[in-house]
Amino acid sequence: MTVAQTVPALEDDPFGTEVLTDPYPFHSRLREAGPVVHLPRYDLMAMGRYAEVKASLTDWATFVSSRGAGLPDFAKEKPWRPPSLLLEADPPDHTVVRTAMNGVIAPRAVRAMRARFAPVAEDLADALVARGRFDAVTDLAEVYPLQVFPDAVGLPAEGRENLLPYGALAFNAFGPRNQLLTDALAAAAPVQQWILARCERDELAPGGLGAEIWAAADRGEITHEQAPLLVRSLLTAGLDTTVYGLGNSVYALACHPDQWAALHADPKLAKFAFDETLRWESPVQTFFRTSSLDAVVAGTPIPKDSKVLLFLGSANRDPRHWGEDAGSFDIRRSAAGHVGFGMGIHQCVGQPIARLESELVLGALARRAVRLELDGDPVPKLNNTLKGWASIPVRVTPA
Ligand code: OVM
C-alpha cells in the first residue's frame, strides 16, 4: 500500500452553524477531498466515505471508544460525566455489559412493548389526522417516544421533562465547547441530578427495562455498581435519538409526496421508510474514535493517539457505495448496511425499540392519511451530533 505524502485538508468547522444547518455540501467536499481528510480547525482526522467509515467503526481494536466517542480525549481530559459503560468502553469490559444489555432488550421484551406501544400510536394518529394540521416535531416526534419509552424503562411520571434536555446535553457534549454546548451545560445541573437519581433500583418500576438491568446484576451478569450507569445509557440514548428519527422521517416523507403515496398504498413499507430516513438524514451525524496505534487507512497514515471524526451521515450518502442517486430519498431502495445505527460491536443496542416506535407511528399515520405535506417552513434544531428539526408544520388529507 502506498502512503500519501500529504493529507488533504478542509478549513470548515463541522460544528459551526453553517455545516450543522446543512451538512450535505460539506459532506460532498469531504468525500471528494479524499478517504482521510485533515481538519486543521480541531487538528483532527476525518472520514466521510462509506468504505472507510464502516471499516473504522468495525475495527474497534485500532479505533477505540474508551477514550470517548466525542472530541474530548478521555486520556487527556476529564469527561463531563463518568463514561458510559457501553458507548465509551472497549472489549473485554464492553463485551460483558453489552451481552447483559442484549439480554435486557431481548426479542421477547420488545414483543411485549409492541402490545403496549401500538394503541398509543393509533390514538395519536387518530388525533393528529382529525386536526388536519400539526407540527411533526412538537405534536408527534417529541410526544410519542415520551408517551411510551419512559414507561417501558419504568420511570416515575414526575420530572420526565428532564429527559430531552439531558439527551440534548449528552449529544452536544460529543462536540467542541461551542455556544451549543455552553448553553446546554448552563441549564444542566438539576437535569443531571434528576437523571442520576432515577437510575437507582427503588426508582424503577418492576418489569421495566430499568428493573431488568438490576435483575441482571442480581444474576451476576454485571455488578450492582454497573447497573445505574446502564440505566443511564437508556435515558441518554433512548429518547432524543428516536425523537430526531421520527421527525426526520416525517420531514423526508413530507418533502417527497410520491414517497408518502407509496407508503399510504402499502403501510407495511413504514419500516423501510424509517431505514431510508436513517440513511438519507441520519439523526446521529458523527461519532469519534481514537487511534490506539499508528494506523494506515486507504494509504493515509493516522498517527497513534489521534482523534478521528467519522461522518456517519456522509457515509450514508456516499455515491461510491449507494450509487449516483445516493442523495435521493426512496423508501423502496435497500438502505440495508447504512451506518445510521453505527456498525460493529457498538451498533445501537436499542435499535429494536427505535424500529418498533417508528414502524407503529409511521404505519398508523400512513393508513389514515392519503397525503401529508409541508404546511410552512421547517425550522432546524442545531446540535453538535444530532441533525433534525425544531418544527415541521404539516397538513394531512384523511383517507
Ligand atoms: C450511553 C450512550 C450510548 C449511545 C449514544 C449516546 C449520548 C449515549 O451509553 O450513554 O449518546
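In the block above lies the structure referred to throughout.
Since the model is a prediction, treat every value here as computed from it, not as a measurement.

Student: What's the story with the packing of aromatic side chains in this structure? I'm lost.
Tutor: Any pair of aromatic rings gets described here by the distance separating the centres and the angle formed by the planes. By the definition in use, this model includes 10 aromatic pairs. Ring centres of tyrosine 251 and tryptophan 280 lie 6.4 Å apart, and the angle between their planes is 25 degrees; on these two criteria the pair is classed as stacked. Here tyrosine 251, found in helix α13 (residues 240–255), pairs with tryptophan 280, found in helix α15 (residues 270–280); they are 29 residues apart in sequence, far enough to count as distant. Taken as a pair, tyrosine 251 and tryptophan 280 share a single burial class, namely buried.

Student: How should I be thinking about the sheet that holds strand β12 (residues 393–398) in this particular structure?
Tutor: The strands making up a sheet associate through backbone hydrogen bonding, with each pair oriented either parallel or antiparallel. The strand order across the open sheet built from three strands is β4-β12-β9, with neighbouring strands paired in antiparallel fashion. Each edge of the sheet is formed by a strand with only one pairing partner; in this case those strands are β4 (133–135) and β9 (369–374). Strand-to-strand, the axes of this sheet are offset by a mean angle of 30 degrees, without reference to chain direction.

Student: Even after reading the chapter, I still don't get the site of the ligand, so can you show me in this structure?
Tutor: Neighbouring residues of the ligand: Arg81, Ser84, Leu87, Ala170, Phe171, Phe174, Ser233, Thr236 and Ala237. The side chain of arginine 81 places a nitrogen or oxygen atom 2.9 Å from an oxygen atom of the ligand. Here an oxygen atom of the ligand sits 2.5 Å away from a polar atom, N or O, in the side chain of serine 233. Here the ligand has 300 Å² of accessible area as a free molecule, and 89% of this is covered by the chains. The pocket occupied by the ligand, as judged from atoms lying within 2 Å of grid points, is the largest cavity. Secondary structure elements with two or more residues in the shell around the ligand: α8 (163–172) and α12 (227–237). Per-element tally for the shell around the ligand: the top contributor is α12, with three residues. Of the residues in the shell around the ligand, the class split is five nonpolar, three polar and one charged.

Student: Can you walk me through the pattern of salt bridges in this structure?
Tutor: Should the charged atoms of two oppositely charged side chains come close, the side chains can pair. A full pass over the atoms with the stated rule returns 27 salt bridges. Across the pair glutamate 32 and arginine 320 runs a salt bridge, and its minimum N-O distance is 3.1 Å. Placement of the pair is glutamate 32 in helix α2 (residues 24–33) and arginine 320 in helix α17 (residues 319–322), with a sequence separation of 288 residues. Residue classification places arginine 320 among the partly exposed positions, given a relative accessible area of 43%. One continuous salt-bridge network, built from bridges that share partners, spans Arg67, Asp73, Lys76, Lys304 and Asp305.

Student: Please explain helix α10 (residues 188–198) as it appears in this structure.
Tutor: The periodicity of an α-helix, 3.6 residues per turn, causes residues three or four positions apart to be oriented the same way. Looking only at α10, the buried set comprises Ala188, Val191, Trp194, Ile195 and Arg198. Looking down the long axis of α10, one finds its buried residues gathered within 130 degrees of arc, a one-sided arrangement. Away from its buried face by more than 90 degrees, α10 exposes Pro190, Gln193 and Leu196. Contact partners of the buried residues in α10: α8, α9 (179–186) and α12.

Criteria and cut-off values
Residues numbered from 1 in each chain as written. Predicted model: local features only at pLDDT ≥ 70, side-chain atom pairs only at ≥ 80, totals over all residues. Heavy atoms only, no water. Phe/Tyr/Trp six-rings, centres within 6.5 Å; stacked < 30°, edge-to-face > 60°. Helix = DSSP H or I, 4+ residues; strand = E, 2+ residues; numbered from the N terminus. Buried < 20%, exposed > 50% of the residue type's maximum accessible area, 1.4 Å probe, protein only. Pairing = 2+ DSSP bridges. Axes fitted to C-alpha atoms, helices over the stretch in contact; angles between N-to-C directions. Near = heavy atom within 4 Å. Polar contact = N/O pair within 3.5 Å; in protein donor to acceptor, adjacent residues only side chain to side chain. Areas by Shrake-Rupley, 256 points an atom, 1.4 Å probe, with all protein chains shown as cover. 1 Å grid on protein atoms, 1.4 Å probe; cavity = no way out; pocket = protein on both sides within 12 Å on 5 of 7 lines; lining within 4 Å. Sits in = over half its atoms within 2 Å of the grid points. Nonpolar A, V, L, I, M, F, W, Y, C, P; charged D, E, K, R; others polar. Salt bridge = Lys/Arg side-chain N within 4 Å of Asp/Glu carboxyl O. Arc of directions from axis to C-beta. Contact = heavy atoms within 4.5 Å.

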